Amino acid sequence: MPHMLIIGMGYTGSRLATRLGSDGWRVTGVRRAADSEMIAFDDDRAVRAALGQATHILSSVPPEGDVDPVLVRYGADIAAAPALWSGYLSSTGVYGDAAGAWVDENSPVGSGRRGARVQADADWGALRVDMRRFRLPGIYGPGRSALDRVRAGRAHRIDLPGQIFSRAHVDDIVAGIIASFNGPPGVYNLADDLPCAQNRLIEAACAMLGEPLPPLLTLGEAQLSPMARSFYAENRRVANGRAKRLLGWTPRYPTYREGLSACLVEGQ
């Protein structure tokens, strides 16, 4: 039986675990605190035992401060593990600001606002010869989409003409990870086919829900959190052609329209 060890059972990791479990996989999850189904991250003995048994190993844990906590604690164990496949969920933030231009896996990295992300991406790539690094844009899906922000009264429209974002539905990310089981190691951008302004998602979500549009605000007027505001400091379009060519992956939700429609149905 194939056995996936997922270190970091967040939104994407949990969605992947559910999909693999339904396909008959054994899945072991690691998170900060243990429960009846999860191993605690600091339970060295249990984590190392799982690393010795897993056929597939995935980390979805982002850096903390300047370091990757998984690599610090378990990097040597992961490097020596007998798994057949390994993966790491990275970020398209490694590309930095491209002034709205397209970036792909051969684009320069390291000019962005998150140096720790760049270093972690490189360190995971050097850890094992079978490593797949998935560079992910903004992730959305059921319970975490523009629909939820509109419902909660937290949606904003920001007056920044020319500002472009890429995004991916969580189930398309899961599908890309699974497609890579039979594909070559390397770096893959998993993004949808339509980079566009965030305002278009908010406008589509309002239309689907029959809610009025929020006002168009300047970045200063929106009073965003520092983290939310930082997303507007970078502007790029993320190309997904490599994953399509080498993995045979095609997003089920090629644009936000299909993705939001699916979120609306699942949320009912």
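Keep in mind that what you see is a predicted model, and the values were worked out from it rather than measured. Counting restarts for each chain: residues are numbered from 1 in the order of the written sequence. Only residues with pLDDT of 70 or above have their local features reported here, since the model is predicted, and side-chain atom pairs are shown and tallied only from 80 upward, although totals for entire chains, interfaces and linings are computed over all residues. To get the side-chain values, take all heavy atoms of the structure and skip hydrogens and water.

*Asks:* Tell me about the environment of Gly115, and please be specific about residues and values.
*Replies:* A run of DSSP states H or I qualifies as a helix once it reaches four residues; a run of E qualifies as a strand once it reaches two. Both are numbered from the N-terminal end. Following the sequence through the fold, Gly115 ends up in helix H4 (residues 115-127). Between buried and exposed lies partly exposed: a residue is buried under 20% and exposed over 50% of the maximum accessible area for its type, with that area taken using a 1.4 Å probe on protein chains only. Using a relative accessible area of 48% as the deciding quantity, one classes Gly115 as partly exposed.

*Asks:* So what's going on with the packing of helix H2 (residues 44-53) against helix H3 (residues 69-80)? Residues and values would help.
*Replies:* Helices that pack against each other are described as a pair by the angle of their axes relative to one another and the distance between those axes. Here an angle of 0 to 180 degrees is reported between the N-to-C directions of two axes, which are lines fitted to C-alpha atoms, with helices fitted over the stretch in contact. Packing of H2 against H3 leaves a shortest axis separation of 10 Å and a crossing angle of 30 degrees. As far as their axial angle goes, H3 and H2 are roughly parallel. Crossing of H2 against H3: the hand is right-handed. Across from Asp44, Val47, Arg48 and Leu51 in H2, the residues of H3 making contact are Arg73, Tyr74, Asp77 and Ile78. Roughly parallel refers to an angle under 35 degrees, roughly antiparallel to one over 145, roughly perpendicular to one between 65 and 115, and oblique to any angle outside these ranges. In this scheme the crossing of two helices becomes right-handed for a clockwise turn of the near helix relative to the far one and left-handed for an anticlockwise turn of less than a right angle. We call two residues in contact when some of their heavy atoms are within 4.5 Å.

*Asks:* Could you give an account of the nonpolar core, with specific residues and numbers?
*Replies:* If you look at the biggest cluster of nonpolar residues, it comprises 24 residues, and the most contacted ones within it are Met4, Leu16, Phe134, Ile177 and Phe181. Those elements that place two or more of their residues in this core are strand S1 (3-7), helix H1 (11-22), strand S5 (85-91), strand S7 (131-136), helix H6 (170-179) and helix H10 (241-247). Top element by residues in this core is H6. It accounts for four residues. Aside from chain neighbours lying at most four places away, what touches Met4 is Leu16, Leu20, Trp25, Arg26, Val27, Thr28, His56, Ile57, Leu58, Trp85 and Phe181. What we call a nonpolar core is a set of buried Ala, Val, Leu, Ile, Met, Phe, Trp, Tyr and Cys residues that are connected through their side-chain atoms within 4.5 Å. In terms of nonpolar packing, the next biggest core, distinct from the first, is built from 21 residues, Val30, Ala50, Leu51 and Ala120 among them.

*Asks:* Hey, could you go over unusual backbone geometry for me, with residue numbers and the actual values?
*Replies:* Of note, Ala99 is a non-glycine position whose phi angle comes to about 55 degrees, a positive value. Structurally, Ala99 can be placed in the loop between S5 and strand S6 (102-103). Backbone geometry places Gln223, a non-glycine residue, at a positive phi of 50 degrees. Mapped onto the secondary structure, Gln223 falls in the loop between helix H8 (219-222) and helix H9 (226-231).

By themselves, these are just geometric observations and shouldn't be taken as functional.
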